[in-house]
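# Structural features, examined
Take a look at the letters that make up each chain.
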Amino acid sequence: MHEKRLLLGGTFDPIHYGHLRALEEVREALGMGAATLVPAGHPPHRKSPWAPAEHRLAMTRIAAQEAPGLDVLAYEVEHDGPSYTVDTLRNLRETNPEGFFAMVIGMDAFLRFDTWREWEQILDLTHLIVIGRPGWPMAELPEVLRQVLYQRRVEELAQLQTLPGGRIAFHTVTALEISATQIRSLLAGGRSARFLLPDTVLDYIAQHRLYHES
């Protein structure tokens, strides 16, 4: 039986309802029973996350307990060296060569997708589901990505189901104006971040005094 995986990666520093709601909406639209969160270990594209990888993994696991069918892949945290999406996907493909893989990424990330390590290989390993608000900044898209879109874009998420990977779809999700930066800033200033992320994650942050100093 071929495995189906819907993936959302990120630093999750900390994980919040913006991440969880977006993944839930895509999961439901695809008609899938499960989805996977993939916390980054040592992301090469940005400065080091505020919280150590083991804490970000723990918070992600706590948040995943909020929803049936939501699980966490610890590969990038447990893997030595920088976290590259292409390595994670190759590792998954080794055991599921014909499985259905779809990876959710935000519009901002997609606009820079051609800077990702072996980004063309990523497109052979998984579908991409680009999420954002209605209307999107085509003018900001690099020419190389426009060409890829011309070759690989599908209009409906249902069209992805016929192939194990290799296509790009766009999906509009509820725009929750929540950011990890905002949450860290609130906590560093001694203010409340309640209702932006699960209470269980907030309790973990308080217990371990994460983000409490600016």
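Residues numbered from 1 in each chain as written. Predicted model: local features only at pLDDT ≥ 70, side-chain atom pairs only at ≥ 80, totals over all residues. Heavy atoms only, no water.

### What about the overall build of the chain?
- Assigned secondary structure in the chain consists of nine helices and six strands.
- In summary, the chain has a C-alpha radius of gyration of 17 Å against a globular reference of 17 Å for 214 residues, a match within 12%.
- Of all 214 residues assigned to the chain, the portion counted as buried reaches 49%.
- Computed over 21 positive and 27 negative side-chain charges, the inter-centroid distance for the chain is 3 Å. (Helix = DSSP H or I, 4+ residues; strand = E, 2+ residues; numbered from the N terminus. Rg over C-alpha atoms; globule rule 2.2 N^0.38 Å. Buried < 20%, exposed > 50% of the residue type's maximum accessible area, 1.4 Å probe, protein only. Lys, Arg positive; Asp, Glu negative; His and termini not counted. Charge placed at Lys NZ, Arg CZ, Asp CG, Glu CD.)

### Considerations on the sheet that holds strand S5 (residues 127-132)
- Read across the open sheet, the six strands follow the order S3-S2-S1-S4-S5-S6; overall the sheet is parallel. Pairing within the sheet leaves two strands with one partner each, and these edge strands are strand S3 (70-72) and strand S6 (168-172). When strand polarity is set aside, the average angle formed by the axes of neighbouring strands in this sheet is 30 degrees.
- Summarising the sheet, strand S2 (residues 35-39) and S3 pair through three bridges and their orientation is parallel. When the bridges of S3 are listed, Ala35 appears paired with Leu70. (Pairing = 2+ DSSP bridges. Axes fitted to C-alpha atoms, helices over the stretch in contact; angles between N-to-C directions.)

### Concerning the pairing of strand S4 (residues 100-106)
- Burial of S4 is extensive: six of the seven residues sit out of reach of the surface.
- Bridge analysis of S4 against S5 gives five bridges, and the strand direction is parallel. By the bridge assignment for S5, Ile105 is matched with Val130.

### Section: the environment of Gln159
- When you line up the elements, Gln159 lands in the loop between helix H7 (143-152) and S6.
- Judged by relative accessible area, Gln159 falls into the partly exposed class, the value being 39%.
- Put simply, Gln159 and Leu30 are 129 residues apart on the chain and 9.8 Å apart in space, counted from C-alpha to C-alpha.

### Digging into the pattern of salt bridges
- All told, the structure shown has nine salt bridges when counted by the stated rule.
- The closest approach of N and O atoms between Asp13 and Arg184, which form a salt bridge, is 3.7 Å. Linking Asp13 in the loop between strand S1 (4-10) and helix H1 (17-30) with Arg184 in helix H8 (residues 180-188), this pair joins segments that are 171 residues apart in sequence.
- For Asp13, a relative accessible area of 3% translates into the label buried.
- Taking the relative accessible area as the measure of exposure, Arg184 reaches 16% and is therefore buried.
- Residue Arg27 pairs with Glu24 through a salt bridge whose shortest N-O separation is 3.0 Å. Remark: Glu24 and Arg27 occur in helix H1; sequence separation between them is three residues, near one turn of the helix.
- Each of Arg90, Arg117 and Glu118 takes part in one network of salt bridges that share partners. (Salt bridge = Lys/Arg side-chain N within 4 Å of Asp/Glu carboxyl O.)

### Description of the nonpolar core
- Core analysis: the largest hydrophobic core is formed by 47 residues, its most contacted members being Leu6, Leu30, Leu37 and Ile129.
- Element by element, the count of residues in this core is highest for helix H2 (residues 53-64), at seven residues.
- Apart from residues lying up to four places away in sequence, Leu6 is in contact with Leu23, Val26, Arg27, Leu30, Met32, Ala34, Ala35, Thr36, Ala102, Val104 and Ile129. (Core = buried A, V, L, I, M, F, W, Y, C linked by side-chain atoms within 4.5 Å. Contact = heavy atoms within 4.5 Å.)

### A few points about the packing of H2 against helix H9 (residues 199-207)
- Where H2 contacts H9, the two axes come as close as 8 Å, and the packing angle between them is 155 degrees. Compared by their axis directions, H2 and H9 come out roughly antiparallel. In this structure, the crossing between H2 and H9 has a hand that is right-handed. Contacts between H2 and H9 involve His55, Ala58, Met59, Ile62 and Ala63 from the first element and Thr200, Val201, Tyr204 and Ile205 from the second.
- In terms of residue class, the contact of H2 with H9 is made up of seven nonpolar, two polar and no charged. (Parallel < 35°, antiparallel > 145°, perpendicular 65-115°, else oblique. Left-handed = near helix turned anticlockwise from the far one by under 90°. Nonpolar A, V, L, I, M, F, W, Y, C, P; charged D, E, K, R; others polar.)

### Comments concerning the side chain of His127
- When you line up the elements, His127 lands in strand S5.
- If we ignore the near neighbours within four places in the chain, the residues touching His127 are Phe100, Phe101, Ala102, Met103, Leu160, Leu163, Pro164, Gly165, Gly166 and Arg167.

### Comments concerning H7
- The set of residues buried in H7 consists of Leu145, Val148, Leu149 and Arg152. In an axial view of H7, the angular spread of the buried residues amounts to 105 degrees, which keeps them on one side of the axis. Away from its buried face, by an angle of more than 90 degrees, H7 presents the exposed residues Tyr150 and Gln151. (Arc of directions from axis to C-beta.)

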